[in-house]
Amino acid sequence: MIRSVPRSRLFDSLYLAYLVAFFVYLALPLLVTAVFAFNDAPFPSLPWKGFTLDWYFADGSEGRTGLFHDDGLLTALWVSAKIAFWVTLVSVALGCVNAVLFERVQFRGKEFLYLLMLLPLVIPGVILGVSILVFYSGMANDVSSAWGIELDLFRPGMTLVVVGQVTFIATLSTLVIAARLRKFDPQLEEAALNLGATPLLAWFTVTLPWLLPSIFGAAAMAFLMSFISLLRLSSVLLLVFLMPALANGASQPVTQGWEYRWGDSPFTSEGVPQWVLQDAPEKWTSIGFPSNPPGREGRENVWFRVTLPAGEWQEPVLYIFSVDLIVQVWVDGEKIYQYGEFDAEGRGRFEGWPWHEIFLPEGYEGKPVYFRVFSNYTDIGLWGEVSIMDHPDLVLYILKNSLEALVIAGFATLIALLAIIFALLQTEKKTFASISLFTLASALMLVSESQASLLIAYQPLMWDYLAAGSYYMLPVALALLLEQWLTNHRPWLINLIWKVHLVYLVGALLGALAGVFDLSSTFPPFDALFLVSLVIIFAVVLRRIRRMLREQQILLLAFGIFCGLLIVDMAVAHGVLPWGRVPVSWGMLLFSLAVVVISLWHYAGTQEALKRLNVSLEEKVAERTAKAEALARREQARVRMLTFENEKNRILGDVLTELQDCLGLKQAFGLLVRALPDICSPLKGAFYQRGSSDRYDRVAVWGFSRPVPLPVLLDARKGLPEPSRLPQLRQWHGAEGVDREVESATLCFWVNVESASAGNVTEGILLLEGDGVFDNAESEYGSARLLAALDQAIQRISITLSSIALREELQKFSYEDGLTGLKNRRYFDQLFEHESAVAQRNDLPLSLLIIDIDHFKKFNDTYGHEAGDNALKIVAGILQKQFRESDLVCRYGGEEFVVVMPGATSEAAMDKASQLSSAVRDVAIIHREKDLGALTVSVGVASWPESGEKPLQILTLADRALYRAKEAGRNRVEVFG
């Protein structure tokens, strides 16, 4: 904060309040926790029950176990401390090695490795931790399954937790230690080596002591970051320890004994389908899997049944991957599950494609389970897989199947956010926006289609709408990107593709939301349209792919693989291929990695280009330095002159900057007078500022010993010195009666200030003594150059002062009424609020008068607006004479005036109002030498604290008093109260 800038007391108070609030915000949670840790209550919270140490030392005999008797908590703290110790040790060691590597060693790929080191700081911690745990646990499971080798080191445990935390803490330690090492002077090591020390000894005796503060700081940071992440660590460990269950949870697929029957069953009077009560094996047909039975022929209802095998289950549930479209499940004549609503005709609406968990009743073994299905979609029946498992295993199974897609979606979302940031920073490059749109849509599609999405919020239809919208957005983003890449070839087909798909996206979603058709019916047409679009895009791109940049070709390859996986998934969804989980998320991961690789490639290329540029610049600098040294040897005096001019330009620039911050000419000239000695140094001189009666007073003098050979004042009526002009220095002799003559070789500069009202006025005169200086200047550099520099500096100062004068006049005009010369309402509104605050803060009285000219409209209509304007000026003049300089007189609008009287009581304001009323009555209005008679005024007076609770209220109260004055016959003064 710049102390020289004036600040209001309100600003200081608000700033102090902010600082207090900020530190209270930081300290309050700790303070509250510390206080309630000694509260003798069942919980460490309100109400306060007295002071106790039981939360620390209670042995549990009275129902409360203190910290030092809680073995589980102490064990957890000890484990956290051990983990923090090893994390600190490894992170600091790696930080030291990395710091030396990146700061002292030059090698290929250094920038790439540095960027890889920073990646853990960019990737969200949850994604990073889960990715590490999934990778190592999966690798251990795969090795164990394939070769029977147990890699316990990579199993969930302390080692894996330490590795996960070191991944990002080591990066921070490296940055801390590298920042300290960057400030180290390598010449100290060279001096030690020159004295006979070995490199290792030089490192331990010279470099390491310099790095110790940063090493201790990095160690403290690493330990605290590791230790206080106990809660997050516990959550991650919970996930880690569940991974074996995720991988090996027991389940029993139901793949045999399925039968189907077309149509819908009639119902008994109790609402039970008759088909579940009758065996009728001749009417049921065997099928390998309950999906799309043969002979559909447009039918929309089908029944399936199967006898579930027995098993050792705790909470048995039947898991179904998906159903087309709605389903009821019956066992022993009881409906145990329903998804969707069936009407009286056995039909229903699409409710989404969730996975289904059907809790099986006791004794289900050996009994047939019936599935009533309705679908007006291209597919009908159960879909994917049907298995029996325990309820906890199902939740873990869902998490296991979704974890991969969620991690990749998070990574893709990070890529999308970074692309959005680059798109905002580089608006001319629209490619970033298209990439962010594609990756964001893909990430949303992966999340929406993952089974774990229903664990977040069980809204199947909402997730299907999100999946459909993001799926339909993919060709739009792809075509937009290609259109930008192929813009020079006018790809109208690509342009048409993204527009058609965008129209389809909007129409499909709006139509489904409006109930015109089911969302499920929009997928087959889109799949067909998408295939056609991909064929067209492939044909267009194939013709021009050789002309594309390498990174564009890589992204197109990643696009192709991703779209290929989408096509395979599409074929599975439509039954063209047998059911199986298609790794669409791997295609998205491949695309995201392609974006990262290309970014790293560009970064490395940029660094290499910068390195080459630095080498080139160094060569050019060396060449130019040699030329400069040659020129310096030939023209040393010229170099000194240039240095002198540069210093003066810097000083002048600082002065001009400070002048531009001045509020008016008075302040500006005060600053200029103080700065002129530095600007004109080493020349001696004096500065004269225009005063009254065309006299210029000497306000500054420098460089002279007594007596000063320059006059004390200059009289414009007797002649001013002419401004110095090239090519010769003119000689000026002061007028008679002035202090003394200006000697020869005196330079003269006029400081002219141009304003809108006064025009171009010489506000100051600068006289400089050039005797002796110019002899040297002329012989070495020439007086013309120095004179031109001084003249240019004065001109720049004059222009700056002219802008201040113009700004001052504009500010004056913005607060001044053009007709009467009084302050206007805008000025009144600002100052009245200020005066009200001052009066209330200092408990001082404040009075306000509102004056209205009686029958002014009639006066205007009778004598004309010109006479009315003249009358307003006369009344304004009377107002200015009647009130104190501390009072504020403003034109409030039209024929109304307002007067603010700080410190005036109600009686004083009443007296002034009466005097004003009499003064106005006594003055005749003369217009064009014609007496138009006198005017009268009505005055409303209000004072604080007599008339209101707050000072700001007196404006309204004075207006009421004015209204009473008018109602009472005008030409009078009314006081509110």
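Just so it is clear, the structure is predicted and the values come from calculations on it, not from any experiment.

1. Observations regarding the sheet that holds strand S10 (residues 381–390)
Here 4 strands make up an open sheet; going across it, the order is S1-S10-S5-S8 and the pairing antiparallel. In this open sheet, the two edge strands, each paired with only one partner strand, are strand S1 (252–253) and strand S8 (356–359). Sheet topology places strand S5 (residues 316–324) next to S10; 8 bridges connect them, and they run antiparallel. Looking at S10, one finds that Val-317 is bridged to Met-389. Against the sheet, helix H10 (residues 391–425) contacts S5, S8 and S10, and its axis sits at roughly 125° relative to S10.

2. Some remarks on the pairing of strand S18 (residues 896–902)
Taken residue by residue, a regular strand's side chains alternate between the two faces of the sheet. In terms of burial, S18 is largely enclosed, as 6 of its 7 residues are buried. As paired elements, strand S16 (residues 846–853) and S18 share 7 bridges and run antiparallel to each other. Bridge pairing in S18 links Ile-851 to Phe-897. Taken together, the 5 bridges between strand S17 (residues 888–893) and S18 define a ladder with antiparallel strand orientation. Pairing of Val-889 across the sheet is with Val-899, part of S18.

3. A closer look at the side chain of Glu-189
As for its placement among the helices and strands, Glu-189 is situated in helix H7 (residues 186–194). Beyond its immediate chain neighbours, meaning those up to four positions away, Glu-189 contacts Arg-104, Phe-184, Ala-202, Trp-203, Val-206 and Thr-207.

4. A closer look at the nonpolar core
Core analysis: the biggest nonpolar cluster contains 62 residues, and Tyr-471, Tyr-472, Leu-474, Leu-519, Phe-562, Leu-566 and Phe-591 have the highest contact counts within it. Take this core: its biggest share by element is 13 residues, from helix H13 (residues 460–485). Leave out the neighbours within four places in its chain, and Phe-562 touches Phe-438, Ser-442, Met-445, Leu-474, Val-584, Gly-587 and Met-588. Phe-304, Ile-358, Leu-360 and Val-369 belong to the second-largest nonpolar core, a separate cluster that totals 36 residues.

5. Looking at the sheet that holds strand S7 (residues 334–339)
Pairing is antiparallel in the open sheet, where 6 strands are placed in the order S3-S2-S4-S9-S6-S7. Bordering the open sheet on either side are strand S3 (285–286) and S7, each of which pairs with just one other strand. Examined bridge by bridge, strand S2 (residues 259–262) and S3 share 2 bridges and lie antiparallel to one another. Counted as the bridge partner of Glu-259 is Ser-286 from S3.

6. Side note on helix H26 (residues 954–967)
In this model H26 runs 20 Å from its N-terminal to its C-terminal C-alpha over 14 residues, within 8% of the 20 Å that 1.5 Å per residue would give. All of the buried residues in H26 are Ile-954, Leu-955, Leu-957, Ala-958, Ala-961, Leu-962 and Ala-965. Seen along its axis, H26 keeps its buried residues to an arc of 160°; they face one direction. Exposed positions of H26 whose direction lies more than 90 degrees from the buried face are Tyr-963 and Glu-967. In this structure, the buried side of H26 is in contact with helix H22 (825–842), S16, S17, S18, strand S21 (937–944) and strand S22 (973–975). Positioned one or two residues after H26, Gly-969 has a phi angle of 115°, which is positive.

Rules of the game
Residues numbered from 1 in each chain as written. Predicted model: local features only at pLDDT ≥ 70, side-chain atom pairs only at ≥ 80, totals over all residues. Heavy atoms only, no water. Pairing = 2+ DSSP bridges. Helix = DSSP H or I, 4+ residues; strand = E, 2+ residues; numbered from the N terminus. Contact = heavy atoms within 4.5 Å. Axes fitted to C-alpha atoms, helices over the stretch in contact; angles between N-to-C directions. Buried < 20%, exposed > 50% of the residue type's maximum accessible area, 1.4 Å probe, protein only. Core = buried A, V, L, I, M, F, W, Y, C linked by side-chain atoms within 4.5 Å. Expected span 1.5 Å × (residues − 1). Arc of directions from axis to C-beta.

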